[in-house]
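# Working through the structure, step by step
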Amino acid sequence: MDHCHNYEQQYSRRDFLTKTSLGLGAASLASLINPLKSLAKEQGGMGSPYFTPKVKRVIYLFQSGGPSQLELFDPKPLLRKMNGEDLPASVRGEQRLTGMSSGQSSFPLAGSQFDFAQFGNSGAPVSELMPHTAKVVDELCFVKSMYTEAINHDPAITFIQTGSQFPGRPSIGSWLSYGLGSENENLPGFVVLVTKNKLGQPLYARLWGNGFLPSQHQGVQFRAGKDAVLYLNNPSGVNPNDRRMQLDYLNQLQEAQHQSLGDPEINARVAQYEMAYRMQSSVPEIMDTSGEPDYIYDMYGEDAREPGTFAANCLLARRLAERDVRFIQLYHQGWDQHGNLPNAIQTQAKETDQASAALVMDLKQRGLLEDTLVIWGGEFGRTNYSQGKLTKTNYGRDHHPRCFTIWMAGGGVKKGFTYGATDEFGYNIIDKPVHVHDFQATLLHLLGIDHEKLTFKFQGRRFRLTDVHGHVVKDILT
Amino acid sequence: MYTMIYSKYIQNLIYCCILGSLWCCQQKLPEEVAQAYETLPETIDYNYHVKPILSDRCFACHGQDNNTREADLRLDTEEGAYAALSSGEKALVPGSWSKSHALQRILSDDPEIVMPPPESNLSLTDEEIATIAKWIEQGAEYKPHWAFIPPEKPELPESKQFAEFVKNPIDNFVAATLEARELSPSNPADKQRLLRRVTLDLTGLPPTIEEMDAFLADESEDAYEKVVDRLLASSAYGERMAMEWMDVSRYADSHGLHADGARTMWPWRDWVIKSFSENMPYDQFATWQLAGDLLPDADRDQKLATAFNRNHPMTGEGGVVDEEFRLKYVFDRSSTTATVFLGLTLECAQCHDHKFDPLSQKDYYSMAAFFNNVRELGMTGDDGDYGPMLLLPSNQQKQTIDSLDHLTEELRGDLTEIAEQKDELIEYLDELSDKSSVATPQPVGYFPVERISSTKDTKGNSYQIIDRNRKTRIASEPQLIDGIRGKALHFDDGYETLALEEIGQFEMNEPFTASVWVKPDVDQKIQTIMATAGAKNDFWRGWEFYLDSTNHPAVKLIHSRPHNMVHTKSLRNIPIGEWSHVAFTYNGGGKATDVEIYVNGKSVATNTLYDRLYKSIKTVGSGAHQVINRPIQLGKSYRGFTGEFGIYKGAVDEIYVFHQDLTPLEIAQLYAQTAGENITNLDLPEEAKVDHVLQRNHRQYQEKQQQLRDLVQQQLEVVNDVTEIMVMEEEPKPRPMYVLARGAYDAPTEQVPPSTPGSVLQFSKDLRRDRLGLSQWLFSEENPLTARVTVNRYWQLIFGRGIVDTPHDFGFQGSLPTHPELLDWLAVTFRESGWDVKSLIKTMVMSGTYRQASVQNENQVKDDPDNVWLARGPSQRLPAEMIRDNALAASGLLVEKIGGASVKPYQPEGLWIEKGSFSHELLHYKEDEGDSLYRRSLYTFIRRTSPHPAMVAFDAPNRDICTVKRENTNTPLQALVLLNDPQFVEAARVMGQRLLANGGETTDEKINYGFRLATGRKPTEKEVGILKNLFTEAKERFTSSPAQADSLLAIGEYPVNRQLNETEAAAWAMVSSTLLNHDEFYTKR
């Protein structure tokens, strides 16, 4: 297979990339965290997949479970008017339903319990659940016409994160790591942050996995708590000086081994150990937000002081973006509101609204927003009818693949802009549908990658993030 | 339209002019191409040189898939390529590249003309163009695909130059290639490295010091062979071979999708270990796994082996479309089989014909048809195993079960015999004839359904009840309407239900009866009358009385769907909008015939849909699956995920539940008393009366009946605890397989019988069209792939790189064999040996090729970094499992127990719960204690969505799909694992203790001992010096801060040896840790 390591090639590439003052360790670092700066281009017979990028990095605030577009960003007054009436068969059409509501004897339309108003110069409608997001709508680009093919979480989240409904493909971040390498020499190019103690629909290691790409392209999870990266800390009883001493002796042994065996792999290993040693200080430094000024916590909310919250992760995402980490993937679970939606969605909104908005404004103030892409959204939308009994104060919504809303902000996408529209039932797209593969193609495009050309040959076939589909949504680009 | 045709015409004219001019003026190849032409081999071979180019760049549009074929041109066959194009030209004209239209298009600079077209993002290099040109010049000869021609045993090439190097036939082939490439083999590896290499390769473990010393001391000629034989005979060999098979078979201890709950698969893993250890012939090993259940009189192990094809991921996600996922599992089996045994990427033909290989979409579904005939579910529960299942009783359990079975048979015979002796009953029957009514037993619940009222629970919450009975509960607002007698309850919308508490829990051996009047409003869907049966996460356990979609009353007694239940259905249905009396009785015997269904007082004929119940039917909760007394629910089932909620629309009245099986007369009585009838007017058959008498008046019958229930109970007590495993089992009636348009589960087109790809080898008419036939096809002498693919995979295992470097792909896009004749020699020899795996492996490790030193000189680093031509011995970073096992072995921690349930060694906290909380059994990773912490990594619990991070760091796959080749990467995370993972830190400190206590007197001796434990060789003087300095410095540090020594020694569960000096022990721990990070520790050299 093409992705087998060829260390010799790496050496030459490494030399090219090395910042000379950092010596061997740094050199390997460049090649290891950034080992394939050009491997994607080396695949035989391909034209260059690259052109001038609009953004250098992505922060993807993934809202797992399927946030209800009808309560957040896509107001449908008709649903309030028709509250309790059955979903007309003509609207539903051929749409298959999940087994969780398809057995119901009726499909009563459910109007949102939350009020909407228009905000900013763009006049974008946002519900009362998202007051902070409402204030930054002029920075955002709403896509109201997202749709997917899967109707259940596992296939849907796997689809939007890897381009296939079933396990086995590389995730978006690993494609980017493979295609673009990393800009940072002390941190991985693809970092994952998960809100702690949330529960909800499961996450899977495959969502940030490398699939068939070499495994250094998988996302590295940074966690709140003492071991920010697994096995990062020295064992107790071994302080950094001891470790340095140990590594120095180990290097001597490895050097002797190399002299005797001639295998360049041994040197590559030494370089990895040096990289690991440096990560032991670079990662804790990133994770330590104690030096952030109070006004930052005012922006992100008090939650941001509590490590592992969504707000704290948003703040970390900004710090990682500042250090040019290529792809920062957040996950926030808990949006799967089949029942008791009016109650549960308030908690979810409260946990995410302020920090999401703050992240956009913080990046803007630092001049980072112009070359960073922020994405907020889940794996599908929710039905306009109630799953379970509709009462005056309560209802639930089932999964709905036919339409959902996401927003993006940052370099390359139009500000204060809304793209696509759904019908007055909030069930079908009536204008400018955006398929998951279109979204992925657009994301790659913003990073300067032609999604049809970033391929990897595996089992005889050239695979892409977008399979054999996807069109860049040009109309949302600046 | 006209314009379009016109412009096309003009365009073609222009092409012709341009190409015409090309022919006229440009008889030479472009300079760069001409230069490349000069460097080409003398003879250009279609298979080896040309097809890889054509396949990769041309076949997607000019290959066998006629749905995407452009310009009606096929380049994958001679006929297609030589045929005249619509323009009159020919794509290929043998002997003349300049007349070959295809080459002219390739050479063109015009983006409108050039091939491949720019929008394909494909292009050809100068060398590739030259190759095609030269091939055309030499006659453009097509040949069948090399891998599809059955291998023949080639002559052994003689090697004069390297005669000393040649130890066995492998070396003849390798030497010939080396000679041809002007390379030379390396010197033999030194004994220490060779011993470690072969011990690692054959057992996954390092040699012990004693084994090293013995080998070093053994100067006999066959010293090495004795070692090889010893290793092949060891049980660790079975474990090592099984380790690789786990990747191939996508083995895991969890389901892999959504909740990713627990499954029990380890008994199958143990069977694999045993099979390798006993050197089961590979054809048999494979046949049992593919079709063991179909062998004549299949025994337990043969059935157990088929768990291989139940290892695929499964989902328990509520709401999925069952058929979509069921097919996914079928496809997984079929692709896995194609990958492992055929080295084909068959899965590429799921949505359309294969783009490169001669595999049609029809081939894909024909192959899948072999695996489609299993009674299984697409959506299962979050945790647990689902049918078909195999019970794995111990010998003692098996004996008990068999004898109970035997007794049950006898007893059933006795009961039938008694029932047939009707004469004895005449007296009673006469008595009965005069009676206008019979007494009915005391019910455990009777609900006349007359009123709705409110009450409060102990917490003060109010809820609605019927008949002032606090053990009832209604949800939502069902209406009281006029009933068959007094009032009745009417359900409407799926939210209205009635629950009857504390009376519905019956065991499989307990008789019970349910009786109710119903007036259904509809007959569109399955409607639950009354049930305790649960949903997917409690195995749907319990019982259910329901109306099918045409209102036939039916009964299910469920332990677990789809494989452990009774399901029987009335042949008579009931009308809409009228009151009917429906009832069923169950006598506790465990069979479908032990259930009787009644309509309007009379027993009705039934159709048994499934009859295999062998475990408890007591309802359990989801999650921990502990027994809970789930209320009987009316109005709706408890199912909530399948889209089939069992919503009953209509009325119910006069509900009875009995903890006895009522007799036909008693049921008639229940009907008659409400219908205002007299049972004498019911025209009941004689059998009804006979049964009544037998059940109520015949003491012997009653006793036997009770004995039967007791036997069922005894059986339950044994069987309930018996481990079960998911296996393959054919349904009696084959399930049809269709070609699915675009691969979509809901788009069936043409029906296809089970078959194999004809391009590989026709499926003989003499073979059974089932998995057993498939297996025979795979291992037939004419099959060109199976033997080659297998020897190649084992070659990769030993040499690190396959002779074909794409072990999963022997198709057009796969790599070509570097040593084709060697591959064929191995394949035929392997087959002729009776598929003897040990002999194959032995041949490989006995070869001179294997026994070379792996030291690389500068030229090798430059010219053959991947050791393609085998001018040195194999060398590679060890797989994840071996690295950990070696640390355990070096420290002495390793517990060499074989088999058993998977174990949970150290793992950072919280990794499972942060992924999801749906699986109850796998909610939190709970580390094991004691020996289980130190088992070989083959036994480490594999959870697919959260694989062990230390294993993943070293490229262990997560087992979502069949993997026949692992990555071998080098990352900083690997360094962090070896330095900081408590497993390795503990190993280092225990190894430190070992050096201190047993490593000899002097520091030098201890270092020597440690170095040998970790790397298998003695250190050089220089290495001793370095480690000595490390020891001295570490000791100084720990002496100045003894607390540090303390805390380092406290890591891990293994007890600290308090006899030893702490600072010294800690310093030796640092030395050991350094050794466990040494190249030669984690690399095979």
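Right above here is the structure, for reference.
To start, this report covers the structure provided alongside it. (Residues numbered from 1 in each chain as written. Chains lettered and ligands numbered in written order. Predicted model: local features only at pLDDT ≥ 70, side-chain atom pairs only at ≥ 80, totals over all residues. Heavy atoms only, no water.)

### Side note on the overall build of chain B
The secondary structure content of chain B amounts to 36 helices and 24 strands. Oriented by its inertia axes, the alpha-carbon framework of chain B measures out at about 110 × 100 × 60 Å. The proportion of buried residues among the 1085 residues of chain B is 61%. Within chain B, contacts between residues separated by at least 24 positions form 71% of all contacts whose residues are at least 6 apart in sequence. For chain B, the separation between the mean place of its 112 positive charges and that of its 161 negative charges on side chains is 2 Å. (Helix = DSSP H or I, 4+ residues; strand = E, 2+ residues; numbered from the N terminus. Buried < 20%, exposed > 50% of the residue type's maximum accessible area, 1.4 Å probe, protein only. Contact = heavy atoms within 4.5 Å. Lys, Arg positive; Asp, Glu negative; His and termini not counted. Charge placed at Lys NZ, Arg CZ, Asp CG, Glu CD.)

### Comments concerning the interface of chain B and chain A
With 102 residues of chain B in contact, the opposing surface of chain A contributes 97 residues. For the chain B and chain A pair, buried surface summed over both sides reaches about 8400 Å², with 55% attributable to carbon and sulfur atoms. Of all residues in chain B, Asn121, Tyr495 and Asn970 of chain B bury the most surface against chain A, accounting for 9% of the area lost on that side. Where chain B meets chain A, there are 7 salt bridges. The closest approach of N and O atoms between Asp263 of chain A and Arg1085 of chain B, which form a salt bridge, is 2.8 Å. (Buried area = accessible area lost by both parts, 1.4 Å probe. Salt bridge = Lys/Arg side-chain N within 4 Å of Asp/Glu carboxyl O.)

### Overview of the environment of His255 of chain B
Residues and elements named next belong to chain B. Considering the arrangement of structural elements, one finds His255 in the loop between helix 12 (235-248) and helix 13 (266-277). By relative accessible area, His255 is classed as buried at 1%. Separated by 126 residues in sequence, His255 and Gly381 have C-alpha atoms that sit 9.9 Å apart. Reaching out from His255, the side chain makes a polar contact with the backbone oxygen of Ala262 at a distance of 3.4 Å. (Polar contact = N/O pair within 3.5 Å; in protein donor to acceptor, adjacent residues only side chain to side chain.)

### Here we look at the state of the cysteines
Residues and elements named next belong to chain B. Following the criterion strictly, the structure yields 0 disulfides over all chains and no others. With no disulfide partner, Cys351 has as its closest neighbouring cysteine sulfur the one in Cys348, 9.7 Å distant. The class for Cys351 is partly exposed, based on a relative accessible area of 41%. The closest cysteine sulfur to the non-disulfide-bonded Cys962 is located on Cys348, 13 Å from its own sulfur. (Disulfide = S-S within 2.5 Å.)

### So, helix 15 (residues 436-446) of chain A
Residue and element names in this part refer to chain A. Counting buried positions over the 11 residues of helix 15 gives 11, a clear majority of the element. All of the buried residues in helix 15 are Val436, His437, Asp438, Phe439, Gln440, Ala441, Thr442, Leu443, Leu444, His445 and Leu446. Just beyond helix 15, the residue with positive phi is Gly448, at close to 85°.

### Digging into the nonpolar core
Grouped together as the largest cluster of nonpolar side chains are 306 residues, with contacts concentrated most on Phe222 of chain A together with Trp245, Trp268, Tyr282 and Tyr794 of chain B. Not counting residues within four places of it along the chain, the set of residues in contact with Trp268 of chain B comprises Trp245, Met246, Ser249, Tyr251, Gln289, Leu304, Ala305, Ala307, Phe308, Asn311 and Ile725 of chain B. Leu447, Phe458, Leu465 and Leu477 of chain A belong to the second-largest nonpolar core, a separate cluster that totals 52 residues. (Core = buried A, V, L, I, M, F, W, Y, C linked by side-chain atoms within 4.5 Å.)

### Comments concerning the pattern of salt bridges
Side chains bearing opposite charge may pair, as long as their charged atoms lie close to each other. Residues and elements named next belong to chain B. Throughout the structure, instances matching the rule amount to 95 salt bridges over all chains. Residue Arg771 pairs with Asp293 through a salt bridge whose shortest N-O separation is 2.8 Å. Pair noted here: Arg771 is in helix 23 (residues 771-778) and Asp293 is in the loop between helix 14 (282-291) and helix 15 (300-305), with a separation of 478 residues, a long-range link. What makes Asp293 buried here is its relative accessible area of 16%.

### Observations concerning the pairing of strand 7 (residues 487-491) of chain B
Residues and elements named next belong to chain B. Judged by how many residues are buried, strand 7 sits mostly within the fold: 4 of 5 residues are covered. In this sheet, strand 7 lies alongside strand 6 (residues 479-482) in antiparallel orientation, the contact comprising 4 bridges. When the sheet's bridge partners are listed, Gln479 is paired in strand 7 with His490. Two strands pair when backbone bridges link them, and strand 7 and strand 19 (residues 650-658) are joined in this way by 3 bridges, in the antiparallel orientation. Directly across from Leu489, in strand 19, lies its bridge partner Val652. (Pairing = 2+ DSSP bridges.)

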